[in-house]
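A look at the structure
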Amino acid sequence: MAKKCDSSCQEQFKTSIGGQALIEGIMMRGPEKQAIVVRTKEKLEIKVEPIKQGGFLRKIPFVRGVLNFFASMVSGVKALMYSANFFDDEEGAEPEKQSKLDAWLEKKMGSEKFMQGLIYFSAFLGIAFSVVLFFIVPIELGNLLERLTGCTLLVKNLFEGVLRIVIFLLYMFIVSKMKDMKRVFSYHGAEHKSIRCYEAKLPLTVENVRKQTRLHPRCGTSFLFVVMFISIILFTIASGLLIKVPFIGQLKNDNKVVFNLLMMGIKIIVMLPIVVSISYEFNRLVGRHDNWFTRILTWPGMWLQNFTTNEPDDEMIEVGIEALKLVIPEEEGADRW
């Protein structure tokens, strides 16, 4: 049994290196390179790519949040599909035949363009699913509550926000209980532990990494929770301001259906990118400091990681260490948060 982490495990600096759990692997993303390490039956499959730095827009506060979020979705889907390629065909199973549509698209677009299009389409589907489940469903249920009870706009928006968080927590809980996801969440734990060890400036060994906590304040899970929470505040404020606009206020009385559709469109198309941007800047700000106040702010996201991370075994830790080593910049401090 691993010893408890002592004072030597404490964070010495904060790194901008982050990662993602894959199917039997881990993707690490540093300031210059991205590394994917997948453990197969034979060996560790390794893929390292340089990171495109992007234009000046990726550096502008409150703009970079949306751009970086979409970029991370695309790179995450790409890495996930890469890891899945090693485990597509089960032993004894016949290879799945390509559909006529896939064959036609690949023929017209070429294999490389077809795969690139598939990656972007998968990322779009992931975002669309999240918007439907965590935003459209609560908004529609809020509209139903208003029709049934005649509640105020404030109550309706608060109901939507609380419902959004409840759905998010239930979703995370259900996913954490799925058999296939338990190993993925163990790799998630290995990713966090490896980064924790690196931030403590300890040698990256299995023994040192094993001692670390699997919870990390700058995790993507925490970011998603912040998005949910900030959406309650901003959606409520925005709804209160919009209702005072003469045209929109009149529409609320004349055509409730059109009013609700308009409000839904504003919340998702206009407000949601703003929520993501503010959440991104919030996480960057809180992530730079470690005191009682920031610990209170990051506690909900840290608690949520109890569902999205599991304790890894030594082989998983080895994958995390290898992926991390591949993206550490040569210049010391170049990855400082």
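Above this text you will find the structure in question.
Values in this document were obtained by computation on a predicted structure and should not be read as measured data.

**A word on the overall build of the protein**
Within the protein one finds 11 helices and 4 strands. Residues classed as buried in the protein amount to 42% of the 337 residues present. Counted over contacts in the protein with a minimum sequence separation of 6, partners at least 24 positions apart contribute 73%.

**Points about the side chain of E199**
Relative to the helices and strands, E199 is located in helix α5 (residues 179-199). Ignoring anything within four residues of it in the chain, the contact list for E199 reads Q10, E11, Q12, F13, K14, T15, H216 and R218.

**Digging into the side chain of E191**
Residue placement: E191 occurs in helix α5. No salt bridge is formed by the buried E191; the nearest opposite charge belongs to R218, separated by 9.9 Å. Leaving out residues up to four positions away in the same chain, E191 has contacts with G18, G19, Q20, A21, I26 and M28.

**Brief notes about the pattern of salt bridges**
Counted according to the given criterion, the structure contains 14 salt bridges. When the shortest N-O distance is used, the salt bridge between E49 and K47 registers 3.6 Å. You can call E49 partly exposed: its relative accessible area is 24%. K267 is the partner of E160 in a salt bridge, and the nearest nitrogen-oxygen pair spans 2.9 Å. Highlighted residues: E160 in helix α4 (residues 153-176) and K267 in helix α9 (residues 256-287), separated in sequence by 107 residues.

**Remarks on the packing of aromatic side chains**
Scanning all chains against the criterion turns up 11 aromatic pairs. For the pair F134 and Y171, a centre-to-centre distance of 5.7 Å together with 80° between the ring planes defines the contact as edge-to-face. In this pair, F134 is assigned in helix α3 (residues 111-149) and Y171 in helix α4, connecting sequence segments 37 residues apart. Members of the aromatic cluster, connected to one another through ring pairs, are F129, F134, F168 and Y171.

**Considering the sheet that holds strand β3 (residues 33-39)**
Read across the open sheet, the 4 strands follow the order β1-β2-β3-β4; overall the sheet is antiparallel. On the outer flanks of this sheet lie β1 (18-22) and β4 (44-50), each paired with one strand and no other. Geometrically, the sheet is characterised by an average inter-axis angle of 15° between neighbouring strands, direction not taken into account. As paired strands, strand β2 (residues 25-29) and β3 are joined by 5 bridges and run antiparallel to one another. For I26, the partnering residue across the bridge sits in β3 and is V37. On the sheet, helix α11 (residues 314-327) packs against β2, β3 and β4 and is oriented at approximately 160° with respect to β3.

**Details of the packing of helix α8 (residues 246-254) against α9**
Between α8 and α9, the least distance of the axes is 6 Å, while the angle of their chain directions is 135°. By the criterion of interaxial angle, the relationship of α8 to α9 is oblique. Facing I248, L251, K252 and D254 of α8, the residues of α9 in contact are K256, V258, F259, L262 and M263. When grouped by side-chain class, the residues that make up the contact of α8 with α9 number 6 nonpolar, no polar and 3 charged.

**What about the pairing of β2?**
The element β2 is extensively covered by neighbouring structure, given that 4 of its 5 residues are classed as buried. Two elements, β1 and β2, share 5 bridges in a ladder whose sense is antiparallel. Bridging from a neighbouring strand, A21 pairs with I26 of β2. Between β1 and β2, which follow one another and run antiparallel, lie 2 residues, and E24 among them has a positive phi close to 55°. Where β2 folds back onto β3 in an antiparallel hairpin, the turn is made up of 3 residues.

**Some words on helix α10 (residues 292-308)**
An α-helix turns once every 3.6 residues. As a result, residues three or four positions apart point the same way. Taking 1.5 Å as the rise per residue, α10 with 17 residues should run 24 Å; its terminal C-alpha atoms sit 24 Å apart, in good agreement. Taking the largest bend as the criterion, α10 deviates by roughly 45°, centred on W299, and proline P300 comes between one and four positions later. Residues of α10 that are buried: T294, T298, G301, M302, L304, Q305 and T308. Check the buried side of α10 and you find it contacts α4, α5, α7 (220-242) and α9. By the N-cap criterion, in which a side-chain oxygen at the helix start approaches the backbone nitrogen of a residue two or three places on, α10 is capped by N291, the distance to F293 being 3.0 Å.

Definitions and cut-offs
- Residues numbered from 1 in each chain as written.
- Predicted model: local features only at pLDDT ≥ 70, side-chain atom pairs only at ≥ 80, totals over all residues.
- Heavy atoms only, no water.
- Helix = DSSP H or I, 4+ residues; strand = E, 2+ residues; numbered from the N terminus.
- Buried < 20%, exposed > 50% of the residue type's maximum accessible area, 1.4 Å probe, protein only.
- Contact = heavy atoms within 4.5 Å.
- Lys, Arg positive; Asp, Glu negative; His and termini not counted.
- Salt bridge = Lys/Arg side-chain N within 4 Å of Asp/Glu carboxyl O.
- Phe/Tyr/Trp six-rings, centres within 6.5 Å; stacked < 30°, edge-to-face > 60°.
- Pairing = 2+ DSSP bridges.
- Axes fitted to C-alpha atoms, helices over the stretch in contact; angles between N-to-C directions.
- Parallel < 35°, antiparallel > 145°, perpendicular 65-115°, else oblique.
- Nonpolar A, V, L, I, M, F, W, Y, C, P; charged D, E, K, R; others polar.
- Expected span 1.5 Å × (residues − 1).
- Bend = angle between axes of the 7 residues up to and from the residue.
- Polar contact = N/O pair within 3.5 Å; in protein donor to acceptor, adjacent residues only side chain to side chain.

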